[in-house]
Amino acid sequence: MNNRLIQLFLFSLFIFPVCAQAQSLTEIEAAYAANTKRDWPEAIRLFTELKSKNPYNPQYAVRLAFALQYAGKYAESVDAFKDALKAGPWPDIYWYQIAVSNAKMNDTENAVAALKNSVAKGWPDYQRLEHDKNFESIRTHPEFLKMLGKTLPDNATRTERWLADFSFLDSKLKLLHFNLYNRHSPETWNRLEQEIRKGIPHWSDNKIICALMKYAALAGEGHTKVIPPKEGNNSFHAIPVVLYDFTDGIYILNTIPEYGEYVGKKVTAIGGVSVRELFDKSYPYAGHENDFHHKKFSMRFLTMAELLKDMGANVSAAEIPLTIETSPARATTIKIKTNTLKEAEDIPKEKWVAMNVGSVNDLPFYLQKPDDDFYFIPDTLNSLMYLKIKYIVNQDKLRFSEFTDSVFSLIDRKGLKRLVLDLRDCGGGNSNLNQHVLNHILKRPALNTSDNFFTVIGRNTYSAAINLANDLEYRTNTTFIGEPTGSSPNYIGESNVLRLPYSQLYLIISNRYHQGGANNSLDKRPWIAPHIFIEPASADYRSNADPVMKFIYKTWK
């Protein structure tokens, strides 16, 4: 979820502002119509007039600046963007565009100076910065390379490269993160920083990567992290196994046919270390909002050889020993071969064997349509609409608003009286699209009651889904059911992606504070708690039972 990029996109398209101020609404409409048509001379004329009549609204200066830039009037666009700097909300964006215009004029000195200002003001998109074709003329400039952290000569040593990567990571965390010391004191950060700097000359590449993961994780929230390398010389390795933490233990949820006989078995140890001990040891490698988020996140860590080894498990990059229960009183140790993370990701979904493979019962609603970001299932017999959302996003062939319109239109046509909105597996998306769910519910008071409207939440209700849950909590009468959410109601988010200059590791940094629901900054809850708490047990999954829907149906009988 990167709302900054969305906002920049909206700027470039000149979307009509909600609270524009000018002498005439007709003038405003005409100006934005000209921009929509890409009629730059007319847009320039109209926004110039709007800006002169209302110099206090920076949006007119911003849109004028973009129109001038698109029209090739680069010097004038620089002046307009500088006007926007006086009262506009995004100085890093304006300085970036000033750099673009200067680069178009082959003004290297001012282009580099403007980019430095943009970076200093918190420009987060280093992927765009590095590859932006507008900066071809300054790409080899020493100051440009310095902004990307590329300061070493070609013959730099391995230690020098890792230290440069760590310095770049450290500086960008401190510059871009919304509140780096939200969870840990500067002293804690400094101690780990010194430990890493001293250790880099002596540690293996894998141990350094684990240390960098720990360092980013001190931010204490799930969006900020170092991504383990998926391929290449330093690729991490994982076994083709998906684990799940049920109420009665950690089980093999999915695996490939080669190990199909072990699917559904309870795992008690990995590499000779108790699985619960490893679960506890895995906390420092990823920022987590709360314990339920870690239940989701840690399961992946317990399949990665390099992380397991760093936690003290006796594993190798080639295979990982799992101790599994073969019966309540007996256990055996099996060895499972690893793949690189990229190879593991590329295993086709249809080749995986699931824990519920032997069930004679139909799939529960929440496991149907595994490849769909969102779907609905009407149960007309019980006057119920089941709405599953796994990712809040516009698809190429179906916009999210069109999908929600069709769902609620069907509710009306069929006269359905009950709604189950399932967000338990919704890991995020675009929060701007949440309104398309919320508005439909608010328009239907008969549906919007505690006994007619249930929202399923859980450990993977996260990011944009938390923003939706916030709005539902404060603006509707929904009954929450399931587990606590994987995030606190107010949280630090966004996924701004950078690459470390030499190792090419991906670093993600959060730079925005999301305050949802009642917009109460004093809300310090670690999660949104369900009204009805129901955790999944292994027997439920094995038999294709959904205790959440079972409870809901029982309530309505």
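For the structure, see preceding data.
Here goes a summary of the coordinates provided.

Another point: the overall build of the protein chain. Within the protein chain, the secondary structure is distributed over 21 helices and 20 strands. Compactness check: the protein chain gives a C-alpha radius of gyration of 26 Å against a globular reference of 24 Å for 557 residues, within 12% of the reference. Projected onto its principal axes, the C-alpha positions of the protein chain cover 80 × 70 × 40 Å. Here the analysis covers contacts within the protein chain between residues at least 6 apart in sequence; of these, 68% occur between residues at least 24 apart. Carbon and sulfur atoms make up 51% of the accessible area of the protein chain, which amounts to about 25000 Å² in all. Counting 66 positive and 62 negative side-chain charges, the protein chain places the averaged centre of each group 1 Å from the other.

Inspection of the secondary structure puts Asp-170 in helix H10 (residues 158–176). With relative accessibility at 7%, the residue Asp-170 sits in the buried group. Among the polar contacts listed, one links the side chain of Asp-170 to the side chain of Tyr-215, at a separation of 2.5 Å. Setting aside residues no more than four positions away along its own chain, Asp-170 makes contact with Glu-193, Arg-197 and Tyr-215.

Let's shift gears to the environment of Val-78. Within the element layout of this structure, Val-78 appears in helix H5 (residues 74–85). Judged by relative accessible area, Val-78 falls into the buried class, the value being 7%. Residues Val-78 and Ala-65, spaced 13 residues apart in sequence, show a C-alpha to C-alpha distance of 7.1 Å.

Here we come to the nonpolar core. Looking at soluble globular proteins, one finds that nonpolar side chains tend to be buried together. Ranked by size, the top nonpolar core spans 131 residues in total, and within it Leu-129, Phe-135, Leu-212 and Leu-302 carry the most contacts. Discounting residues that sit within four places of it in the chain, Leu-302 has contacts with Leu-243, Ile-250, Ile-270, Val-275, Leu-278, Phe-279, Leu-308 and Met-311. Within the second largest apolar cluster, 30 residues are counted, among which are Phe-400, Phe-408, Leu-416 and Leu-472.

Spatial strand order, S1-S18-S17: three strands in an open sheet with antiparallel pairing. Edge positions in the sheet fall to strand S1 (225–227) and strand S17 (496–499), since each of these pairs with one other strand and no more. Shown here is a sheet whose adjacent strand axes are inclined to one another by a mean of 30°, direction ignored.

On to the sheet that holds strand S11 (residues 374–379). In a beta sheet, neighbouring strands pair by backbone hydrogen bonds and run either parallel or antiparallel. Within the open sheet, the six strands sit side by side as S11-S12-S13-S14-S15-S20. Their pairing is mixed. On the outer flanks of this sheet lie S11 and strand S20 (532–533), each paired with one strand and no other. Where S11 and strand S12 (residues 384–389) come together, six bridges link them in antiparallel fashion. By the bridge assignment, Tyr-375 is partnered in S12 with Lys-388.

Evaluated as defined, the whole model comprises 30 salt bridges. Glu-136 is paired through a salt bridge with Arg-139; the nearest N and O atoms lie 3.5 Å apart. Note that Lys-342 and Asp-346 form a salt bridge whose closest N and O atoms lie 2.7 Å from each other. Several salt bridges converge on common partners, so that one network encompasses Lys-388, Asp-422, Arg-424, Asp-425 and Asp-546.

On to the packing of H10 against helix H12 (residues 205–217), then. Relative to each other, H10 and H12 sit at 10°, their axes nearing to 11 Å. With respect to their mutual orientation, H10 and H12 come out roughly parallel. Residues Arg-158, Trp-162, Phe-166, Leu-169, Asp-170, Leu-173 and Lys-174 of H10 touch H12, and the partners they reach there are Asp-205, Ile-208, Ile-209, Leu-212, Tyr-215 and Ala-216. The residue makeup of the contact of H10 with H12, split by class, is nine nonpolar, no polar and four charged.

With that out of the way, let us pick up the pairing of strand S13 (residues 418–422). Regular strands show a simple pattern: their side chains alternate between the two faces of the sheet. The element S13 is largely enclosed, with a buried count of four among its five residues. Judged from the five bridges that link them, S12 and S13 form a sheet pairing that is parallel. Opposite Leu-384, over in S13, you have Arg-418 as the bridge partner. Since S12 and S13 lie parallel, the crossover through helix H17 (residues 400–414) that links them has a hand, and here it is right-handed. The pairing of S13 with strand S14 (residues 453–457) spans four bridges and is classified as parallel.

The rules we used
- Residues numbered from 1 in each chain as written.
- Predicted model: local features only at pLDDT ≥ 70, side-chain atom pairs only at ≥ 80, totals over all residues.
- Heavy atoms only, no water.
- Helix = DSSP H or I, 4+ residues; strand = E, 2+ residues; numbered from the N terminus.
- Rg over C-alpha atoms; globule rule 2.2 N^0.38 Å.
- Contact = heavy atoms within 4.5 Å.
- Areas by Shrake-Rupley, 256 points an atom, 1.4 Å probe, with all protein chains shown as cover.
- Lys, Arg positive; Asp, Glu negative; His and termini not counted.
- Charge placed at Lys NZ, Arg CZ, Asp CG, Glu CD.
- Buried < 20%, exposed > 50% of the residue type's maximum accessible area, 1.4 Å probe, protein only.
- Polar contact = N/O pair within 3.5 Å; in protein donor to acceptor, adjacent residues only side chain to side chain.
- Core = buried A, V, L, I, M, F, W, Y, C linked by side-chain atoms within 4.5 Å.
- Pairing = 2+ DSSP bridges.
- Axes fitted to C-alpha atoms, helices over the stretch in contact; angles between N-to-C directions.
- Salt bridge = Lys/Arg side-chain N within 4 Å of Asp/Glu carboxyl O.
- Parallel < 35°, antiparallel > 145°, perpendicular 65-115°, else oblique.
- Nonpolar A, V, L, I, M, F, W, Y, C, P; charged D, E, K, R; others polar.
- Right-handed = clockwise from strand over helix to strand, strands pointing away.

Any functional reading would require information beyond the geometric quantities listed.
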